[in-house]
Structure formats: structure tokens, C-alpha cells
Amino acid sequence: MLVQRPFWKQLIENAWQEKSIIWLMGLRRIGKTSLCHSFEGIEYLDCERPRVRQLMADPEGFLESKKGALLALDEIHRLDNPSELLKLAADHYPSIKIIATGSSTLGASAKFKGTLTGRKREIWLTPLLLQEIEDFGNPDIRHRFLFGGLPSFFARKQISEIDFQEWIDAYWAKDIQDLFSVGKRSSFQKFAELLLAHSGGMFEAAKFAIPCEVTRPTIANYLHVLEETFVVHVIRPYSTHRTTEIVMAPKVYGFDTGFICYVKGRKELRAEDMGFMWEHCVLNEIQGHLQTRAINYWRDKQGHEIDFVLNRRSENGLVAIECKFNTVLEDITSTKLAGLGKNFQAFRDLYPNGCNFIVSHNVDTPFMKKHQDLDIWFVNPKDLIKKLQEK
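Summarised in this report is the structure supplied together with it. (Residues numbered from 1 in each chain as written. Predicted model: local features only at pLDDT ≥ 70, side-chain atom pairs only at ≥ 80, totals over all residues. Heavy atoms only, no water.)

1. Brief notes about the pattern of salt bridges
Scanning the model with the defined rule gives 23 salt bridges in all. Measuring nitrogen to oxygen at the nearest pair gives 3.7 Å for the salt bridge that ties Asp91 to Lys87. Of this pair, Asp91 and Lys87 both sit in helix H5 (residues 82–92), four residues apart, roughly one helical turn. Judged by its relative accessible area of 34%, Asp91 falls in the partly exposed class. A salt bridge links Asp383 to Lys386, with the nearest nitrogen and oxygen atoms 3.9 Å apart. Here Asp383 and its partner Lys386 are both found in helix H15 (residues 381–390), three residues apart, which amounts to about one turn of the helix. Note on Asp383: relative accessible area 13%, which makes it buried. (Salt bridge = Lys/Arg side-chain N within 4 Å of Asp/Glu carboxyl O. Helix = DSSP H or I, 4+ residues; strand = E, 2+ residues; numbered from the N terminus. Buried < 20%, exposed > 50% of the residue type's maximum accessible area, 1.4 Å probe, protein only.)

2. Quick notes on the sheet that holds strand S3 (residues 70–74)
Taken in spatial order, the five strands make up an open sheet running S2-S3-S4-S1-S5, and their pairing is parallel. Every interior strand has two partners, whereas the edge strands, strand S2 (43–46) and strand S5 (120–124), have only one. Strand-to-strand twist in this sheet, taken as the mean axis angle between neighbours without regard to direction, amounts to 20°. Pairing of S3 with strand S4 (residues 97–102) involves four bridges; the strand directions are parallel. Across the sheet, the residue bridging to Leu71 is Ile98, located in S4. (Pairing = 2+ DSSP bridges. Axes fitted to C-alpha atoms, helices over the stretch in contact; angles between N-to-C directions.)

3. A short note on the environment of Glu279
One can find Glu279 in helix H13 (residues 273–290). Accessibility expressed as a relative area gives 16% for Glu279, which makes it buried. Separated by 80 residues in the primary sequence, Glu279 and Val359 place their C-alpha atoms 9.1 Å from one another. Ignoring any residue separated from it by four or fewer positions in sequence, one finds Glu279 in contact with Lys251, Tyr253, Asp307, Phe308 and Cys323. (Contact = heavy atoms within 4.5 Å.)

4. Observations regarding the nonpolar core
Leu73, Trp167, Phe191, Ile219 and Trp278 are the most contacted members of the largest nonpolar core, which has 108 residues in total. Contact partners of Phe191, with chain neighbours within four places excluded, come to Phe203, Phe208, Cys212, Ile219, Tyr222, Leu223 and Leu226. (Core = buried A, V, L, I, M, F, W, Y, C linked by side-chain atoms within 4.5 Å.)

5. Section: helix H12 (residues 257–264)
Taken together, the buried positions of H12 are Thr257, Gly258, Phe259, Ile260 and Cys261. In this fold, the buried residues of H12 make contact with helix H6 (141–147), helix H7 (151–154), helix H8 (161–179), helix H9 (185–197), strand S8 (251–254) and H13. Where H12 starts, the residue carrying a side-chain oxygen 3.0 Å from the main-chain nitrogen of Gly258 turns out to be Asp256. The first or second residue beyond H12 is Gly265, which carries a positive phi of 75°. (Polar contact = N/O pair within 3.5 Å; in protein donor to acceptor, adjacent residues only side chain to side chain.)

Any functional reading would require information that these geometric values do not contain.
Next comes the structure, spelled out in C-alpha cells:
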């Protein structure tokens, strides 16, 4: 049964109000094809099929026959010249609404360089948002942590190692070899697995070069490829180059909690895993709802840290976000609040303007606590997004 995904459908409908071409990007098996099929009256064309590619050999003739149509062009990078077709459609056939899909950013392929500027809207389909998990059959956040947010993986009752390995094989064969030059599969895959195993940690290229048996420049290239194909998210430090701040070392987060558990060999969650997994889910919520990768973290040399920082330029302020799986209002004593507030205080000593949030899964109604001169809001992810979108 096809599960409807109203959030994503509305995002696409809104984007079509601005441009006739939508670039729907996201990981393999993230649900792009199913989302396309959920639009009534859409004509689905799989560009991996030779017959479909032959239909589009004459792009102008193809588009002439599709005036007023709603088209899904899946894996469009398999065409010899996908840019030509999409450029023609945008410039001369605006009555045709198109969803073109791919498993990487548009700029990752040389076939798309520059020619679609101003002609399309991009939508990044992320792993399942928390508001979607009940629609997919299981409202338990722990199930989302362990099985991850790829719909077919999330729907399973038992973890299937075969599924994970098949995904890795397909990722290499269809996403990496088609678009990138990375050399040895063994070194690239080893690097990807090490990043997932150390997800959320500080990244230093030198630490990966030796175990992967490649040079530091190759590691940098690998990281770029993994970021372009949404397998990792590179979160860079926010700083204004003050002497007290960490200014260079990024943190790297894996794309999916299920794959992180798989690489770590987790088949059951431990109590100490919850905060770590929650941080990844909060990141996914921000990325999916706000459609942005412009997210930083902050750390100073005294060890104070803010999980995520959003630069709200229009309000001349920085949003500071800390992730804490459980928060119980009655348990927040002045001592505990001081512990929770010290990172915010260190950050606000340098950057006084902006809102402070602690995001927890079990906060039903937002509430505010004062720490010295700071207002700290305790929210769930839904209310966090609502407040961010108000800004």
C-alpha cells in the first residue's frame, strides 16, 4: 500500500507555484519513486530503462507530445544530456510540470553544470520525519532509531543485514561509479563505514588516511562525494575567529540512525544510545523541514559546546540548539538548570542575540526557564520547527 506523505507533497506543490521543474534529490531507497507515484495523474518514466531513454532521444519532440502533462523522470542522470531536456522544458514548455529525481545534489554531475540556474526548485527528501513514523506503521521513536528512516527499512519487524549490504552494493554501483571517480571500492567503503561508526564526532582527515590506505587529499575527495550523495552531513564550527573558539574542525554525522546502528553492530539500543540517536534525529528534522544544510555547531577551547547553531541573518541573531532526549519539568532544579545553561551562557557571552532551545522528545508543551539573564526554551521537535519558521 502506498503511504501518502502530505508534508512532502505540499512542499512540491508549493515549489511548482514558482517553477515547473523540481529536482527531487535524496538517498537511494529514500522514497523518491513512491512519492512521485503518489501524485494523481502523473506519468512515471524510469530513465534507467533503454526504451525510456530512446523516447527522449529527441527532447523537443518528446516535450511537444507532453504539453500540459505531469511527469516524473526518475534517475534522469542516466540520459545522455538531461540538462538539455530540462532546459527546453523550463524555457519553452512551462505547461509541463516535471519532477526529476536523483541520488545526489544537482551539481554533483558534470551533466548538470550551470545550465539549470534559475530554472528549477530543489527539494531534498530526507529520512523519515518524526511526524511520519506513525503513518508508516510504528510510532515508537526507538524503532526509528534502530531501523532508521528509509521507509522500506523502517517498515521491517526484524533487522535484515542483507538489506543493508544490498543498499551499500547498489550505492556503489549506481551512485558512485556512475557519477564519480573514487578509485578503489575497498578504501572508499572503509572510509564510509568508519565515518558512520564515529558519527557525530570531530573529523580529522589524517586519522582516516592510514586505515583506508589512501592519501589525505583522497580522504578529502571521499568526504566530498559522501556529502554530495547525502550519506554524511558535514557540520562546520560557527566562529568569528576569536582566539577562544574552535574554528576549523568539522563534525561529521551519518545520514541515518539505522545504518549507524548496523555499522556499530547494534541490534538492541542501550540507554546510553538514546541521546546520541536523538541528536541525529533532531538534525534530520531541521534539515527536512527547513530544507537546509546551513547548520553549524559551536565549541570553545574550554569545552563548552552547542549542538547546532542556525544563523538567522534576517533577525541578526544566532539560534542555539541543544538536544536532550528526556526532559521532565519537575526535575529541573536550579542546579540542573545551571548545568544545562552553562554552554548557552558561554555562547551568549560572545553572541548575545538569538533564541536558546533545548529539544526533547517528551516535552508536550513548550516552557521557558531563566538561567541568569538567559531565556531557555524547552520544546519538542514540532514546536522547535514552528518557532524557527516564525522567525
